[in-house]
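Remarks on the overall topology
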Amino acid sequence: MLEHLGVESIRLDLPFRLNHVNCFVAEGENGWIVIDTGLHNEQTASRWEQELSGKEVTDIFLTHYHPDHFGYAGRLQEKTGAKLSMSKTDENAAFMAWEDDFLNSLPDNYTIAAIPKNIAQQMIENTKEFIPRVTPYPTVQHHFKEGEKVVIGHYEYEVIFTPGHSDGLINFYNKENRVLFSTDHILPKITPNISYWFHGDSNPLATYLTSLKKVKKLNADLVIPSHGKPFHGANDRIDDIIAHHEERLSQTMTYVKEGANVYDVCQKLFPKELTIHEIRFAIGETLSHLEYLRVKGELDRHTQDGQWIYTK
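Right, let's walk through the structure included here. Here the structure is a predicted model, which means the values were calculated and not measured.

Before going further, it helps to spend a moment on the nonpolar core. The biggest cluster of nonpolar side chains holds 49 residues, and the ones touching the most others in it are Ile115, Ile186, Leu212, Ile283, Leu287 and Tyr310. Secondary-structure elements contributing two or more residues to this core are α6 (100-103), α7 (106-112), α8 (117-128), α10 (204-216), α11 (234-256), α12 (262-269), α13 (276-296) and β15 (307-311). Setting aside chain neighbours within four positions, we find Leu287 in contact with Tyr196, Phe198, Val262, Trp308 and Tyr310. Residues Leu14, Ala73, Ala82 and Phe130 belong to the second largest nonpolar core, which totals 29 residues.

Moving on: the sheet that holds strand β4 (residues 57-61). Taken in spatial order, the six strands make up an open sheet running β1-β2-β3-β4-β5-β6, and their pairing is mixed. The sheet terminates laterally at β1 (7-13) and β6 (142-143), the two strands that pair on one side only. Pairing of strand β2 (residues 20-27) with strand β3 (residues 32-35) involves four bridges; the strand directions are antiparallel. Residue pairing across strands places Glu27 opposite Trp32, the latter belonging to β3. Contacts from helix α4 (residues 73-80) reach β3, β4 and β5 (83-86) within the one sheet, and its direction differs from that of β4 by about 165°.

Per the stated rule, a full pass over the model turns up ten salt bridges. Across the pair Arg47 and Glu51 runs a salt bridge, and its minimum N-O distance is 3.0 Å. Here the residue Arg47 and the residue Glu51 both occupy positions in helix α2 (residues 42-51), the gap between them amounting to four residues, near one helical turn. For Glu51, a relative accessible area of 16% puts it in the buried group.

Further remarks concern the packing of α11 against α12. A pair of packed helices is characterised by two quantities: the angle between their axes and the separation of those axes. Here α11 crosses α12 at 125°, and the two axes come no closer than 10 Å. Looking at the two axes, α11 sits oblique to α12. The handedness of the crossing between α11 and α12 comes out as right-handed. When α11 is examined against α12, the residues Arg248, Gln251, Thr252, Tyr255 and Val256 are found in contact with a partner set consisting of Val265, Lys268 and Leu269. Residues belonging to the contact of α11 with α12 are distributed by class as follows: four nonpolar, two polar and two charged.

Moving on: the sheet that holds strand β10 (residues 179-183). In spatial order, the strands read β7-β8-β9-β10-β11-β12; together these six strands make up an open sheet with mixed pairing. At either margin of the open sheet sits one strand with a lone partner, and together these are β7 (149-152) and β12 (231-232). The pairing of strand β8 (residues 155-161) with strand β9 (residues 170-174) spans four bridges and is classified as antiparallel. Residue pairing across strands places Glu158 opposite Tyr173, the latter belonging to β9.

With respect to the secondary-structure elements, Thr135 resides in the loop between α9 (131-134) and β6. When its relative accessible area of 23% is taken as the criterion, Thr135 is described as partly exposed. With 125 residues separating them along the chain, Thr135 and Ile10 place their C-alpha atoms 21 Å apart. Setting aside residues up to four positions removed in sequence, Thr135 forms contacts with His40 and Gly71. Within polar-contact distance, the side chain of Thr135 engages the backbone oxygen of Ile131 at 2.7 Å.

The next thing to look at is the side chain of Glu91. As for its placement among the helices and strands, Glu91 is situated in helix α5 (residues 88-97). Its relative accessible area of 10% is what places Glu91 among the buried residues. A distance of 2.5 Å separates the side chain of Glu91 from the side chain of His143, its partner in a polar contact. Setting aside residues up to four positions removed in sequence, Glu91 forms contacts with Met86, Val140 and His143.

Now for the pairing of β9. Buried residues dominate β9, accounting for five of its five residues. Covered by surrounding structure in β9 are Ile170, Phe172 and Asn174 together with Asn171 and Tyr173, the residues of both alternating faces. Pairing of β9 with β10 involves three bridges; the strand directions are antiparallel. Bridge assignment links Tyr173 to a residue of β10, and that residue is Leu180. Once β9 ends, the chain turns through four residues before running back antiparallel as β10, passing Arg178 with a positive phi of about 55°.

Calculation criteria
- Position labels on residues start from 1 in each chain and follow its written sequence.
- Selection of residues for local features in this predicted model requires a pLDDT of at least 70, selection of side-chain atom pairs for listing and counting requires 80 or more, and totals for whole chains, interfaces and linings are taken over all residues.
- With hydrogens and water stripped out, all remaining heavy atoms of the structure feed into the side-chain values.
- Nine residue types can take part in a nonpolar core, namely buried Ala, Val, Leu, Ile, Met, Phe, Trp, Tyr and Cys, and a core is a set of them joined through side-chain atoms within 4.5 Å.
- The classification of residues rests on relative accessible area computed with a 1.4 Å probe and restricted to protein chains. Under 20% of the type maximum is buried, over 50% is exposed, and intermediate values are partly exposed.
- Secondary structure follows DSSP: runs of H or I at least 4 residues long count as helices, runs of E at least 2 residues long count as strands, and numbering of each begins at the N terminus.
- Every residue pair with non-hydrogen atoms within 4.5 Å of one another is taken to be in contact.
- In short, DSSP must find at least two bridges between two strands for them to pair.
- Only the contacting stretch of a helix is used when fitting its axis, a line to C-alpha atoms as for every element, and angles between N-to-C directions run 0 to 180 degrees.
- Salt-bridge detection follows one rule: a side-chain nitrogen of Lys or Arg within 4 Å of a carboxyl oxygen of Asp or Glu.
- Any angle between 65 and 115 degrees counts as roughly perpendicular, while under 35 counts as roughly parallel, over 145 as roughly antiparallel, and the rest as oblique.
- The sense of a crossing depends on the near helix, which, turned anticlockwise from the far helix by less than a right angle, makes the crossing left-handed and, turned clockwise, makes it right-handed.
- Think of it as three bins: nonpolar holds Ala, Val, Leu, Ile, Met, Phe, Trp, Tyr, Cys and Pro, charged holds Asp, Glu, Lys and Arg, and polar takes everything else, Gly as well.
- What qualifies as a polar contact is a pair of N or O atoms within 3.5 Å, subject to a donor-acceptor requirement within protein and to the restriction that residues adjacent in sequence count only when both atoms come from side chains.

Geometry only, nothing functional implied.
Set out below in structure tokens:
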């Protein structure tokens, strides 16, 4: 099916439990388009050197700012001179998330979440470890707009803003063939991480659920995700993801009981042993569910000894 679309998938390895990211290349009128770039490391650089040998890259499209999509973009742009496009929202997030001002705020943020100091310090170091994996930063020459049309391979696609997983995440949709490049918005086997990171959208789960309902109106058939294999039936998968979050919200309410901090609830929502990298995601996801319930009026929040305490 991808061959029919004039698109090739480039599966890049990742050093995490989620062990790959799907990037894409497509030939245009004047050269090749690259969609997402993987982490900046030697393995990624070598793979792109191989995949793009003999190809002139004119454009790099970034779907969002997370390291596995954004990381190698700056170096690839240096090598190719390609025009780089992404959303303005995620450009701003990218140029903030690994800078000193935000990194220096992490200890206070993790105190608010009641994370033990030794774990919090490891989480901070884990974040800093990503700096060489996302630099040099690219120069963004074009900001995607909602409804903008772009040609990818043989067909024209509409840019669809689907915030939630990141504040400025985009999808590409071809109405003629009902094809959706869903990036990290809809995945076939796992649910995308929806986290509050103490910056940006303070209620990302509400935003994400709204984005799911927006995409459901498209009634897309073929879904091409950034993790996992392409699959058919976007709306069935959307229903599954919404049901998952409804279940997690119900569990979150149960775990709060008469009062709980973020770390306590996180340990109950994610009882399996996690790496430090995974704990960062688990804390973010726990916060997004707690804040969703607070904004909805089902939980209260107060500060005690510098920690956020949630109560029914």
